[in-house]
Amino acid sequence: MHEAPPTPSPTSPAAPAEPLSHGLKQRHLTMLGLGGVIGAGLFVGSGAGIAVAGPAIVVSYLIAGALAMLVMRMLGEMSAAMPASGSFSVHAERALGRWAGFSVGWLYWFLLVVVLAVEATAAAQIAHGWVPGVEPWAWVLLFMVVFTVANLTAVKNFGEFEFWFASLKVGAIVVFLVLGGLAVFGLLPDTDPVGMTNLTGQGGFLPNGWSGVVSGVLTVVFAFGGLEVVTIAAAETDDPARAVGRAVRSAVVRILFFYVGSMLVIVTVLPWTAQQAGLSPYAKVLDAIGVPSAGQIMNIVVFVALLSALNANLYGSSRMIFSLAERGEAPRGLLKVSGGGAEKGGGSTGQAGGVPRRAVLASVAFGFVSVLLNLLWPDTVFLYMLNSVGAVLLFVWALIAASQLRLRARLEQEAPDALALRMWWFPYLTWVTLAGLLGVLLLMLTDDAARPQVLWSAGATALVLLVAVAREWRERKGPQVHERKPSALTGR
């Protein structure tokens, strides 16, 4: 059992800085924020949402996007005031106790390394379609090796990968919005103005009523997962507080615009009944307005989106487990960084050093296991693993909101100048967010398809909480260690 880190105290001197590199630039963080959540869930998964909500999928995205935007505002407030590589895991520990930091950190790490397998396998299937002579497992191996190497070298390599991946995705969305908008007004060759026909026909704007909107929310809310990595990455910039504030401000509104704008174009250009789950509604629209090889174009975009998510998840999982190790919640051997020592303050802040290589390898090792399970038993073992993280994102968001409720009051009292980015209408919107997250979980319990995810995720969460409580109980029974206590707000 690792020795417990000291109990936070608001009056202690500063601790050494984290040994991670500061190789990420503002442009990396901004594009990570913009492109981090634009993935296959939007380009392909949105078809399932349209199939259940009809044109009202626009409202579903507005609701889900508003919820995600509020969570990111809260997370941005805490991360700008107290930047750390563990982000919300560190905030949860400072606000609620070690059990919360341990639980949310390990749950999020598990979520990332399991989802990583889905992304690698899906990207391999697309690549196999292009080059049938290469088996999907070989493509998976290639992707994992390439991104493992990228994450083992300077952090700026991760930043560059994500910058160009995100640029392509954002560019694709912008081009789609422009072409779709021109098609709506009949400004493209051989097109007539669409008008409101597809928004009001085929059963009207709410063909399945408000229950369809609710079902749409359950379908699309998880597409906004991934924004959290921005606040993890901010700790590896030269000015974390300023960088995360700018990234959060620029990301949330623009992402909401991309998502809602895309859906509005899709359901305006084509009847909602033309969409179906599993097929990209973007490809259907591009094909309808006469864009050549629309299906292959979207395959390329989805392929890039999957590789981008794979890269970001490997990065985020390695930094999360590194942060857990820093706080004694994971094996301390994972603290070894390139270009420096294993302990705090022993790493390099140069471009080539400060990479937690053991944390990267630990994350990718479990990722390989997940991929293997997905290839061998996709409908049994891996399905249970996937269900066990299906609702974890909502639990993480709820702990972010709970942490912000506690830490905002402390910050206003002890360090008001640190509040460079503030949550709107605190504490009312924080409570509204918590109520909204609880509502989504309850609605998932009433949905036959979503219920297993909630139950399995609740079981996984309960197991992690049990381990966290058992560790604290065991440490309290052990010998008392008297050490310098870091600040409750800054951890220093």
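Owing to the predicted nature of the structure, the values given are computational and were not obtained by experimental measurement. Each chain has its residues counted from 1, following the order in which its sequence is written. pLDDT decides what is reported in this predicted model: residues at 70 or higher carry local features, side-chain atom pairs at 80 or more are listed and counted, and totals for whole chains, interfaces and linings draw on all residues regardless. Heavy atoms throughout the structure, all of them, feed into the side-chain values; hydrogens and water do not.

With respect to a nonpolar patch on the surface
Patches draw on residues past 30% relative accessible area with no salt bridge. Two like charges within 9 Å are joined, as are two nonpolar side chains (Val, Leu, Ile, Met, Phe, Trp, Tyr) within 5 Å. Areas reported as accessible are Shrake-Rupley estimates using a 1.4 Å probe. Residue values count occlusion only from the protein chains shown. Any carboxyl oxygen of Asp or Glu within 4 Å of a side-chain nitrogen of Lys or Arg constitutes a salt bridge here. On the surface, a cluster of nonpolar side chains totalling about 910 Å² of accessible area is made up of Trp 137, Leu 141, Val 145, Val 149, Phe 368, Leu 372, Leu 375, Leu 376, Trp 377 and Val 381. Elements that contribute at least two residues to the nonpolar patch include exactly helix H7 (136-152) and helix H15 (357-376). Helix and strand definitions here come from DSSP, where helices need a minimum of 4 consecutive H or I residues and strands a minimum of 2 consecutive E residues; each element is numbered from the N-terminal end. Relative to the helices and strands, Val 381 resides in helix H16 (residues 381-388).

Notes on the confidence of the model for the protein chain
The score called pLDDT rates the predictor's confidence residue by residue, from a low of 0 to a high of 100. When pLDDT is averaged across the protein chain, the result is 82; 90% of the residues are at 70 or more. Considering each helix and strand of the protein chain separately, the mean pLDDT is smallest for helix H1 (residues 26-35), with a value of 77, and largest for helix H18 (residues 428-446), with 93. Ignoring residues within four places in sequence, the model shows residues 340-351, a span with pLDDT below 50, making 40 contacts including any to other chains. Any two residues whose heavy atoms approach within 4.5 Å are treated as being in contact. Scored below 50 in pLDDT, residues 481-488 makes 30 contacts in the model with residues more than four places away or belonging to other chains.

Quick notes on empty space enclosed by the protein
The pocket and cavity definitions rest on a 1 Å grid over protein atoms only: a 1.4 Å probe that fits but cannot leave marks a cavity, an open set with protein on both sides within 12 Å along at least five of seven lines marks a pocket, and residues lining either have an atom within 4 Å of a point. Grid points are joined across faces, edges and corners, and a volume is the space filled by probe spheres set on the points. Counting across every chain of the model gives one cavity of 30 Å³ or more. Of all elements in the fold, only helix H4 (57-81) and helix H12 (240-269) reach the threshold of two or more residues within the lining of the largest cavity. Only Asp, Glu, Lys and Arg are considered charged, only Ala, Val, Leu, Ile, Met, Phe, Trp, Tyr, Cys and Pro nonpolar, and every remaining residue, Gly among them, polar. Of the residues contributing to the lining of the largest cavity, the split by class is seven nonpolar, one polar and no charged.

So, the packing of helix H8 (residues 155-184) against helix H14 (residues 294-326)
Where H8 meets H14, the closest approach of the two axes is 10 Å, and the angle between their N-to-C directions is 145 degrees. Classified by chirality, the crossing of H14 by H8 is left-handed. Contacts from Val 155, Phe 158, Phe 161, Glu 162, Phe 165, Leu 168, Lys 169 and Ala 172 of H8 reach H14 at Val 301, Val 304, Ala 305, Leu 307, Ser 308, Asn 311, Ala 312, Tyr 315 and Arg 319. In terms of residue class, the contact of H8 with H14 is built from twelve nonpolar, two polar and three charged. Axes, fitted as lines to C-alpha atoms, cover a helix only where it is in contact. Angles between the N-to-C directions of the axes lie from 0 to 180 degrees. Left-handed is the label given to a crossing in which the near helix is rotated counterclockwise from the far helix by less than a right angle, and right-handed is the label when the rotation is clockwise.

Here we look at the side chain of Ser 317
Here Ser 317 lies in helix H14. Residue exposure (1.4 Å probe, protein chains only): buried if accessible area is under 20% of the type maximum, exposed if over 50%, otherwise partly exposed. In this structure Ser 317 comes out as buried when scored by relative accessible area, which is 0%. Polar contacts here mean pairs of N or O atoms no more than 3.5 Å apart (in protein, one a potential hydrogen donor and the other a potential acceptor; neighbouring residues in sequence count only if both atoms are side-chain atoms). A polar side-chain atom of Ser 317 sits 3.0 Å from the main-chain carbonyl oxygen of Leu 314. Ser 317 has contacts with Trp 109, Leu 112, Val 113 and Ser 363, leaving out every residue within four places of it along the chain.

A few points about the environment of Ser 215
Structurally, Ser 215 is set in helix H10 (residues 209-220). The class for Ser 215 is partly exposed, based on a relative accessible area of 28%. It is 9.9 Å that separates the C-alpha atoms of Ser 215 and Ile 50, two residues lying 165 residues apart in sequence.

Quick word on the packing of helix H17 (residues 392-414) against H18
Put simply, H17 and H18 touch, their axes get as near as 9 Å, and they point 160 degrees apart. Regarding the angle of H17 to H18, the classification is roughly antiparallel. Where H17 crosses over H18, the two elements pack in a sense that is left-handed. Counted together, Leu 394, Phe 395, Trp 397, Ala 398, Ala 401, Ala 402, Gln 404 and Leu 405 of H17 and Thr 430, Trp 431, Leu 434, Leu 437, Val 440, Leu 441 and Met 444 of H18 form the full contact between these two elements. For the contact of H17 with H18, a count of residues per class yields 13 nonpolar, two polar and no charged. Convention used here: angles under 35 degrees read as roughly parallel, angles over 145 as roughly antiparallel, angles from 65 to 115 as roughly perpendicular, and any remaining angle as oblique.

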